[in-house]
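Chain and residue survey
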Amino acid sequence: MHYRKFDVEEYGRIMAGFIGTGPENAVFRDALDFAVAAHRDQWRRSGDPYIMHPCSVARILAEELDILDAEILAAALLHDTIEDVESVTSEVIREKFGPRVEGIVEGCTKVTHHVGDRQTFKKLVHRKIFSGAAARPEVMLVKLADRLHNLRTLASMPRHKRQKIADETLDIYAPLATILGLFAIKRELYNLALAYKFPRQGNKLQLHIERLRQDPKIHKIVGRVQEALDREGVTGAASVRTKGLWGYYDIKHRILIKEIESPQEILITAADRGECYRALGVLNSLFPPIPRTIRDFIANPKPTGYQGLHARANIEGRKYLFKIRTREMERKAQRGSVRDWMAGEKSGGRFVREIQEMFDILGSDDSVSYRDMIAAGGRKEIYTYTPQGDLICLPVKSLVLDFAFRVHTAIGQSCVAAMIGKRRVEPDHVLRDGDVVKIIRQDTPVRFERDIQRLCQTPKARSELAKGFRLRRQEVSRQIGASVFRQEMRRYGVPFEIIEKKGMLDILTYFHLDSLDDLFLQIGEGRVRLRELIYEVRHGLYEGRETLQLPTGIFNRVELETIDPVVVKSSACCRPTPLDKGLIGLLSERGLSLHKKDCSRLRKIKFQREDAVEVRWKLRQTRVVKEQKLIVMAASRHRIFLLLSVAPEEMKISDIINLSRRPGSASAWEITFSVANLYELKKVLKHCDRSGLAYEFALEQ
């Protein structure tokens, strides 16, 4: 391998051109000296000295993102030192460069010690970075610059490594650049990653893109626009931008598509804000816009700070997007408003808080997919408004619930409906551009259905719903855990009251728990081994006294008062219902997984007696909230109405549908009805059993 040299002095002069040489930038110069010494004997696979990489990351931040903060640039120089240099620790960085630099470097440092599978390790790595970015958004800026430089120098890596880095870029880093409004970096991340992910298809598309660039039609259109601007005395310059591979990437299906609706954009750079609006008037007279496509992002900037005027026109059968903006607006469009956030400008305050909130969710909540959330955050926006006229920018296809959670967490948690104009709509109603939304609330938190989480488009709504579902599960898991622990103690002949002894604190400490509530929760979720717990209780709190021997094969029993699908899941293999006898529930963090005792799949699952419980329901106390459906397989009209006329009075029938295409003497019928609780449902099904008619019933939870 041919090793190359790196001119550190020349690099220092280049960076001084960006940030100056004043005493306030001494931390950058010190970090450069430290990084050069730390990485002295390290080389990249390409043959470059390793120090070129962190130096390039810092230069990308300064040159391409206008980040001139010496501490952020110092952290960029040091971002690999803790991970790659044994003698460098967080404490060393903190002592030499201060807590802010240390915080950014620590946020960029990968998890190094982990026992488990590779997939779990990967998630831990990403969640640690997200957690660091939640505390300091600068962490993600350094990571994006780091990823961009890695992609620019990826050719020297083996093919499988290139594929892995390309996949990760497409799933995480490029969409995050979109969310942060760093559009120049976003486009390059997508272009480079797609070229490595789809080499053959990418090459074909590049030829197609090059043909479009040379197309005389587009240059003729640009010429006509420029002539019109000059004729009307508008100070502005027209140019064309042909979309690269990034424009052909279908994020949802993760594929490259051959053709897109608007492969080219015409950019008009005007002298000032007033000239932008004049240019729009000239453009509209030259190429009449497609109705309802003019967007004024100057008066209503995007949350990222992006400004400009957009208009779409159909010219000779092809759609074109025109973007009109000033030079400063163009800079923000390419580089984002990061420079302004770092300067503490108020306009970016809310957006930065929302970004931090999103990273906090991504870094801490295992119940949501960070890939889905990042993809949701980067979609095209719609503009909605509160009754007071405040702008709420949301991804396309957002629900009323997305709007409610964006306004405030408490409003989302208590949202039961909304008013759009004079129309009342449900929380899962899909909003449209321009809707004015008034949220209708109830006094207590709403117990939302599980399916609505999948429909929500914003990370905030998805995360808050996941948190609510988790709390509902934990509430029941604690009850199950307390009941199971009590039964297990009774089986051994150990009085339950002894858990109130002081020695119980030592047992909680042994299991790394803070309280009995935590213990009950972990038992109910199957995370504390009952056998080990009872051993500690017998030898720690009941030592020297005789206990009973535990009979084998006997399950503890729990009685529930809920059929909430967030808590109780009926397995697809044997389709049990709460009215069946002999049900077994497997304990887990995701709730109880129900099986019938004779289920063939249950026999194949390896679990200990303590990992499962026999499940029964308190029928009168268990509410049935949803309407139920009963399918009667073959009955005449007379027979079906006779069946329902003598049905239990608790059965409230709302609909009867004949399912047969050709009504005859024996048709199939769907009966929709409601009951108050499981006891009443049991009465209804017993009535159907006595009728002798064949029917199908699956409980709607």
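The structure this text deals with has already been given above.
Just so we're clear, the structure is a prediction, and the values are computed from it rather than from any experiment.

Considering the packing of helix α9 (residues 138-152) against helix α10 (residues 159-179)
Contact geometry of α9 with α10 gives a least axis separation of 11 Å together with a crossing angle of 140°. Judged by the inter-axis angle, α9 sits oblique to α10. Once α9 is placed against α10, the crossing between them reads as left-handed. Residues Met 140, Lys 143, Leu 144, Arg 147 and Leu 151 of α9 form the contact with α10, whose own contacting residues are Ile 165, Glu 168, Thr 169, Tyr 173, Leu 176 and Ala 177. When its residues are assigned to classes, the contact of α9 with α10 shows 7 nonpolar, 1 polar and 3 charged.

Let's talk about the pattern of salt bridges
As enumerated under the stated definition, the model contains 32 salt bridges in all. Across the salt bridge formed by Lys 319 and Glu 261, the nearest N and O atoms sit 3.1 Å from each other. Placement of Lys 319 in strand β7 (residues 318-326) and of Glu 261 in the loop between β3 (255-256) and β4 (264-270) is noted, with a sequence separation of 58 residues between them. By relative accessible area, Lys 319 is classed as partly exposed at 32%. Measuring nitrogen to oxygen at the nearest pair gives 3.4 Å for the salt bridge that ties Lys 323 to Glu 265. With a gap of 58 residues between them, Lys 323 in strand β7 and Glu 265 in strand β4 connect regions that are remote in the sequence. Salt bridges sharing common partners tie together Asp 69, Glu 71, Arg 100 and Glu 138.

A look at helix α6 (residues 90-97)
Residues of α6 that are buried include every one of Ser 90, Ile 93 and Phe 97, and no others. Viewed along the axis of α6, the buried residues span an arc of 65°, placing them on a single side of the element. Opposite the buried face of α6, at more than 90 degrees from it, the exposed residues are Glu 91, Glu 95 and Lys 96. As for α6, its buried residues are in contact with α2 (26-38), α4 (70-78), α5 (81-84) and α7 (99-108). In the stretch just after α6, Gly 98 is the one whose phi turns positive, near 95°.

Notes on unusual backbone geometry
In the Ramachandran plot, Arg 254 falls in the positive-phi region, its phi being about 60° despite a non-glycine side chain. Within the element layout of this structure, Arg 254 appears in the loop between β2 (249-250) and β3. Phi is positive for Lys 397, close to 75°, though the residue is something other than glycine. Its place among the elements puts Lys 397 in the loop between β9 (391-395) and α19 (400-407).

Remarks on the side chain of His 310
Note that His 310 resides in strand β6 (residues 309-315). Here the side chain of His 310 touches Tyr 306 through a polar contact of 2.7 Å, side chain to side chain. If we ignore the near neighbours within four places in the chain, the residues touching His 310 are Thr 293, Ile 294, Arg 295, Phe 297, Leu 321, Phe 322 and Lys 323.

Some details on the pairing of strand β20 (residues 667-674)
The element β20 is extensively covered by neighbouring structure, given that 7 of its 8 residues are classed as buried. Where strand β18 (residues 628-635) lies against β20, 6 bridges are found, and the strand directions are antiparallel. By the bridge assignment, Leu 630 is partnered in β20 with Ile 671. Bridge analysis of strand β19 (residues 652-658) against β20 gives 6 bridges, and the strand direction is antiparallel.

Some words on the nonpolar core
Counting 84 residues, the largest nonpolar core has Leu 61, Met 140 and Phe 359 as the members making the most contacts within it. Sort the elements by how many residues they give to this core and α10 lands first, with 9 residues. Every residue in contact with Phe 359, bar those within four places of it in the chain, is listed here: Phe 130, Ser 131, Ala 133, Ala 134, Met 140 and Leu 176. Leu 513, Leu 519, Val 632 and Phe 673 belong to the second largest nonpolar core, which has 59 residues in total.

So, a positive patch on the surface
Among the surface-exposed residues, Arg 159, Arg 200, Lys 204 and Lys 258 lie close enough to one another that they form a single positively charged patch. Along the chain, Lys 204 turns up in helix α12 (residues 199-214). For Lys 204, a relative accessible area of 63% puts it in the exposed group.

Digging into the packing of aromatic side chains
Counted by the stated rule, this structure contains 10 aromatic pairs. Taking the centre distance of 5.7 Å and the plane angle of 45° together, the rings of Phe 297 and Tyr 383 count as tilted. Linking Phe 297 in the loop between β5 (295-296) and β6 with Tyr 383 in strand β8 (residues 381-385), this pair joins segments that are 86 residues apart in sequence. Neither residue differs from the other here; Phe 297 and Tyr 383 are each classed as buried. Among the aromatic residues, those joined into a ring-pair cluster are Phe 183, Phe 297, Tyr 306 and Tyr 383. The ring of Phe 198 carries the charged tip of Lys 197 above its face, separated from the ring centre by 5.9 Å. The lysine or arginine in question, Lys 302, covers the ring of Tyr 306, its NZ or CZ lying 5.2 Å from the ring centre.

Section: helix α24 (residues 516-524)
Every buried residue of α24 is accounted for by Leu 519, Phe 520, Leu 521, Gln 522, Ile 523 and Gly 524. Packing partners of the buried residues in α24 comprise α22 (459-492), α23 (504-510) and α25 (530-540). Two residues or fewer after α24 comes Gly 526, characterised by a positive phi angle close to 75°.

A look at the sheet that holds strand β10 (residues 415-420)
Hydrogen bonds along the backbone pair up the strands of a sheet, which may run parallel or antiparallel. Read across the open sheet, the 3 strands follow the order β11-β10-β12; overall the sheet is antiparallel. Each edge of the open sheet is held by one strand with a lone partner, namely β11 (423-425) and β12 (437-441). Geometrically, the sheet is characterised by an average inter-axis angle of 30° between neighbouring strands, direction not taken into account. Judged from the 3 bridges that link them, β10 and β11 form a sheet pairing that is antiparallel. Its bridge partner lying in β11, Ala 418 is registered against Val 425.

The rules behind the values
Residues numbered from 1 in each chain as written. Predicted model: local features only at pLDDT ≥ 70, side-chain atom pairs only at ≥ 80, totals over all residues. Heavy atoms only, no water. Axes fitted to C-alpha atoms, helices over the stretch in contact; angles between N-to-C directions. Helix = DSSP H or I, 4+ residues; strand = E, 2+ residues; numbered from the N terminus. Parallel < 35°, antiparallel > 145°, perpendicular 65-115°, else oblique. Left-handed = near helix turned anticlockwise from the far one by under 90°. Contact = heavy atoms within 4.5 Å. Nonpolar A, V, L, I, M, F, W, Y, C, P; charged D, E, K, R; others polar. Salt bridge = Lys/Arg side-chain N within 4 Å of Asp/Glu carboxyl O. Buried < 20%, exposed > 50% of the residue type's maximum accessible area, 1.4 Å probe, protein only. Arc of directions from axis to C-beta. Polar contact = N/O pair within 3.5 Å; in protein donor to acceptor, adjacent residues only side chain to side chain. Pairing = 2+ DSSP bridges. Core = buried A, V, L, I, M, F, W, Y, C linked by side-chain atoms within 4.5 Å. Patch = residues over 30% accessible without salt bridge, like charges linked within 9 Å, V, L, I, M, F, W, Y side chains within 5 Å. Areas by Shrake-Rupley, 256 points an atom, 1.4 Å probe, with all protein chains shown as cover. Lys, Arg positive; Asp, Glu negative; His and termini not counted. Charge placed at Lys NZ, Arg CZ, Asp CG, Glu CD. Phe/Tyr/Trp six-rings, centres within 6.5 Å; stacked < 30°, edge-to-face > 60°. Lys NZ or Arg CZ within 6 Å of the ring centre and 35° of its normal.

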